Amino acid sequence: MISIPQGYSLLQKGPATIVVKSSYRDVLLDQGIADPESMLQRYSGINHYQRGRDTAPAIQIEGSADEKMVIRKYLRGGLMRFVNRNLYIGPDRPFNELRVTVEASSKGIPTADILAAVSIKSASLLYRGYLFSKELSSCCDLSAYLKECLQNHRATFSNIKKQLLQKAAGLISAMHDNGLYHGDLNLKNILINRLNPEQMYIIDWDKSRAQQCLDSSERRANVLRFCRSMAKHSGSGLPLTERDRLFFLENYWKDITQAQRDLKKLRISLAVRNGMWKISNSK
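## Brief notes about unusual backbone geometry
Generally, phi is negative for residues other than glycine and the peptide bonds are trans, each holding for most cases.
Logical step 1: Despite not being glycine, lysine 207 shows a phi value in the positive range, around 60°.
Logical step 2: Tracing the chain through its elements places lysine 207 in the loop between strand E12 (196–202) and strand E13 (209–210).
Logical step 3: Given the relative accessible area of 59%, lysine 207 is considered exposed.
Logical step 4: Non-glycine residue lysine 254 carries a positive phi angle of around 55°.
Logical step 5: Here lysine 254 is to be found in the loop between helix H7 (242–253) and helix H8 (256–282).

## Some details on the pattern of salt bridges
Logical step 1: Applying the stated criterion across every chain yields a total of 17 salt bridges.
Logical step 2: We note a salt bridge from aspartate 206 to arginine 93, for which the minimum N-O separation is 2.5 Å. Within this pair, whereas aspartate 206 is found in the loop between E12 and E13, its partner arginine 93 is found in helix H3 (residues 92–106), the two being separated by 113 residues in sequence.
Logical step 3: Using a relative accessible area of 14% as the deciding quantity, one classes aspartate 206 as buried.

## Side note on the sheet that holds strand E9 (residues 139–141)
Logical step 1: The strand order across the open sheet formed by three strands is E9-E11-E12, and the pairing between neighbours is antiparallel. Pairing within the sheet leaves two strands with one partner each, and these edge strands are E9 and E12. For this sheet the average axis-to-axis angle between neighbouring strands, irrespective of direction, equals 30°.
Logical step 2: As paired elements, E9 and strand E11 (residues 190–193) share three bridges and run antiparallel to each other. Each residue of the ladder has a partner; that of cysteine 140, found in E11, is isoleucine 192.
Logical step 3: The sheet contacts of helix H4 (residues 142–152) involve E9, E11 and E12, and relative to E9 the element is tilted by about 100°.

## Brief notes about empty space enclosed by the protein
Taking a probe equal in size to a water molecule and rolling it over the atoms shows the remaining empty space.
Logical step 1: Within the structure shown, the criterion is met by one cavity of 30 Å³ or more.
Logical step 2: In this structure, the largest cavity spans a volume of roughly 40 Å³.
Logical step 3: In this structure, the largest cavity is lined by Tyr74, Tyr88, Gly90, Pro91, Arg93, Pro94, Ser119, Tyr127, Arg128 and Gly129.
Logical step 4: Elements with a contribution of two residues or more to the lining of the largest cavity: H3 and strand E8 (126–134).
Logical step 5: Examining the composition of the lining of the largest cavity, we find that three residues originate from one element, E8, more than from any other.

## Examining the pairing of E8
Logical step 1: Where strand E5 (residues 68–73) meets E8, five bridges bridge the pair, whose relative direction is antiparallel. Bridge pairing links methionine 69 to lysine 134 in E8.
Logical step 2: Pairing of strand E6 (residues 88–89) with E8 involves two bridges; the strand directions are antiparallel. When the sheet's bridge partners are listed, isoleucine 89 is paired in E8 with leucine 126.
Logical step 3: Two strands pair when backbone bridges link them, and strand E7 (residues 114–123) and E8 are joined in this way by eight bridges, in the antiparallel orientation. If you follow alanine 116 over to E8, its bridge partner there is phenylalanine 132.

Calculation notes
Residues numbered from 1 in each chain as written. Predicted model: local features only at pLDDT ≥ 70, side-chain atom pairs only at ≥ 80, totals over all residues. Heavy atoms only, no water. Helix = DSSP H or I, 4+ residues; strand = E, 2+ residues; numbered from the N terminus. Buried < 20%, exposed > 50% of the residue type's maximum accessible area, 1.4 Å probe, protein only. Salt bridge = Lys/Arg side-chain N within 4 Å of Asp/Glu carboxyl O. Pairing = 2+ DSSP bridges. Axes fitted to C-alpha atoms, helices over the stretch in contact; angles between N-to-C directions. Contact = heavy atoms within 4.5 Å. 1 Å grid on protein atoms, 1.4 Å probe; cavity = no way out; pocket = protein on both sides within 12 Å on 5 of 7 lines; lining within 4 Å. Points joined across faces, edges and corners; volume = space filled by probe spheres on them.

And the structure:
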């Protein structure tokens, strides 16, 4: 059964099951959200954001001069993408992400406003999923913002980096305190407003969950995933060192001993992953 957050409406339009924000219902239906593939083709030539495994267009919301929506299509990764790129069993995936995102927002976690979730029945139990969110204008992801700061503010970059990691640690801690576990916590899913760097957002809540509370192992799994993302981006020229990862962990846990324990776990995890990567690329 689909959970409908307050302020949203459930609609059925042919093969499309739609949960849409009630205040945007008519304008989005007129704009074509019941047929997301046609929308994606119609707006293929406009500005796109990189979102996970694909790009997502930012489309002007009709009747609004200053609002755009970003369309994200759910796509598979790993080896499965060569067999089945975009079909999922059951319609629930976009609706679950909408529900968790609304829950995060209601608990004060800055995030994108979800306008609609759409699931298109393809055959039998197979569905394609789409998510429509309001664009966070003037924003870029944390890794891109750090690269811009390195280029434009090299003399003060170290201080800027610490401030951002400290703020990210506080935001992630608040997320966990509210029982929210992010399914893909990484630098790409933390957004910064270029015009006001104090504004930081957590986005893309696919495969995330909202529960009563998180235990320490769930918290640790999430923050270590974020730290692995820091290590990954350090390999692409972004100066995020092991000391930076420790600084982030210290600010998250507020406990140097716990931070050092996690750093040791992280070293082992990274060593195992690097070893597996070398083996797979040597074949």
